[in-house]
Amino acid sequence: MAMIYKTTMKPGKTELLTAWLPTRPWYASTGQAPELDRSGGFRLDDPEGEVGIEFMVLTDHSGGRETSYLLPLTYRGAPLDGAEAALVGTSEHGVLGTRWIYDGAHDPVLVGQLLALIQGRAVAQDQCDSGTTDPSVTAWCAGPGLPEALQGRPEVTDTVRGTEVRLPGAPVLVLTRVLRPGDSGPQDASAAVGRLTAGWTTLDGAAYRGVFAELRTAGHGAS
């Protein structure tokens, strides 16, 4: 079970993401600096207890409009070899010291645990409290069995809406970066062989649900 520490991080995660978000192709620029508020998310446990895994939802209120983004992040005590382009930044944790924060789509630990969650082999954890599950995160999987251990690093491609993660011999894992309330995935429902759905709440208290991630058959990537 991952331990969530009630401490500080300097710089904070939101501060780092304010600078990182505008560099992503799926970020919907308003012509102004992002104004980010936490809107939801959940965590997953690393079976080895080494890597922090968080799925964070941030809502950008800049420019008089609201856009919510899914940000899967990993927190490591040392750099991840070969993942320099996926580094969001480093931060000093009040208990654990320097943490390297990565876009989790490039981190095989996060990808492996996300596949386990979609297949029902892992359980979503509360974003803020240790030892508490989050039953609001739901998943189903109708596809063929997936490898329980990833071989090598996933092949990652960002598009204007999402991120495609390709694994040898497996369906395409698609992360929905720009969240839309009630989104049920691709118009061709037969393309989905697995799906993860969760919720988020915006600053005005409105609660939404949508697809956070899908497993799709070949040829049906992010749109």
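Here goes a summary of the coordinates provided. A quick note: this is a predicted structure, and the numbers were derived from the prediction, not measured. (Residues numbered from 1 in each chain as written. Predicted model: local features only at pLDDT ≥ 70, side-chain atom pairs only at ≥ 80, totals over all residues. Heavy atoms only, no water.)

### Topic: the overall build of the protein
Definition in use: Runs of H or I in DSSP of at least four residues are treated as helices and runs of E of at least two as strands, each being numbered from the N terminus. Relative accessibility under 20% of the residue-type maximum defines a buried residue, over 50% an exposed one, and the middle range a partly exposed one, all with a 1.4 Å probe and only protein chains included. Contacts are assigned to residue pairs that have any heavy atoms within 4.5 Å of one another.
Within the protein, the secondary structure is distributed over two helices and 13 strands. Out of the 223 residues belonging to the protein, those deemed buried represent 48%. Taking as baseline every contact in the protein between residues at least 6 positions apart, the subset at least 24 positions apart corresponds to 61%.

### Things to note about the environment of T157
Along the chain, T157 falls in strand 8 (residues 155-158). The exposure class of T157 is partly exposed, given its relative accessible area of 34%. In sequence terms T157 and H106 are 51 residues apart; their C-alpha atoms lie 9.6 Å from each other. Setting aside its immediate chain neighbours within four residues, T157 contacts G162, T163 and E164.

### Regarding helix 1 (residues 13-20)
Applicable threshold: This arc is built from the directions going out from the helix axis to the C-beta atoms.
For helix 1, every residue scored as buried is listed here: K13, L16, L17 and W20. Buried residues along helix 1 cover an arc of 95° about the axis, so they all sit on one side. Facing away from the buried side of helix 1 by over 90 degrees, the exposed positions are E15 and A19.

### As for the pattern of salt bridges
This is how it is decided: Whenever Lys or Arg places a side-chain nitrogen within 4 Å of a carboxyl oxygen from Asp or Glu, that contact is recorded as a salt bridge.
Summed over all chains, the structure comprises eight salt bridges. Between R38 and E54 there is a salt bridge; the shortest N-O distance is 3.9 Å. You can see R38 sitting in strand 2 (residues 36-44) and its partner E54 sitting in strand 3 (residues 52-60), a full 16 residues away along the chain. Between D107 and R76 there is a salt bridge whose closest N-O contact spans 2.8 Å. Note that D107 is positioned in the loop between strand 6 (97-103) and helix 2 (108-118) and R76 in strand 4 (residues 67-76), a separation of 31 residues in sequence. No difference in accessibility class separates D107 from R76, as the two residues are buried.

### Let's talk about helix 2
The condition that has to hold: Whenever two N or O atoms come within 3.5 Å, that pair is a polar contact, provided that in protein one can donate a hydrogen and the other can accept it, and provided that, for residues adjacent in sequence, both atoms are side-chain atoms.
Most of helix 2 is tucked away: nine of the 11 residues are buried. One side-chain oxygen of the residue at the start of helix 2 lies 3.0 Å from the amide nitrogen of V109, identifying that residue as D107. Two residues or fewer past helix 2, G120 is found with a positive phi of approximately 85°.

### Quick look at the packing of aromatic side chains
Where we set the bar: Any pair of Phe, Tyr and Trp rings, taking the six-membered ring for Trp, is counted once the centres come within 6.5 Å. Such a pair is stacked with planes under 30 degrees apart, edge-to-face with planes over 60 apart, and tilted for the rest.
Applying the stated criterion across every chain yields a total of seven aromatic pairs. Seen from their ring centres, F42 and F55 are 4.8 Å apart, and the 10° between their planes marks the pair as stacked. Remark: F55 occurs in strand 3 and F42 occurs in strand 2; sequence separation between them is 13 residues. Residue F42 is classed as buried on the basis of its relative accessible area, which comes to 0%. Clustering of aromatic rings is evident, with ring pairs tying together F42, F55, W200, Y208 and F212.

### Remarks on the nonpolar core
Across soluble globular proteins, you tend to see nonpolar side chains buried next to one another. In plain terms, the rule: Working definition of a nonpolar core: buried Ala, Val, Leu, Ile, Met, Phe, Trp, Tyr and Cys residues. They are joined through side-chain atoms within 4.5 Å.
By size, the foremost hydrophobic cluster in this structure holds 30 residues, and its most contacted members are F42, F55, L114, L117, L173, L196 and F212. Those elements that provide at least two residues to this core are strand 2, strand 3, helix 2, strand 10 (172-176), strand 12 (192-201) and strand 13 (207-216). Looking at which element gives the most residues to this core, the answer is helix 2, with seven residues. Core analysis: the next-biggest nonpolar cluster, separate from the first, contains 16 residues, L17, Y27, L58 and I101 among them.

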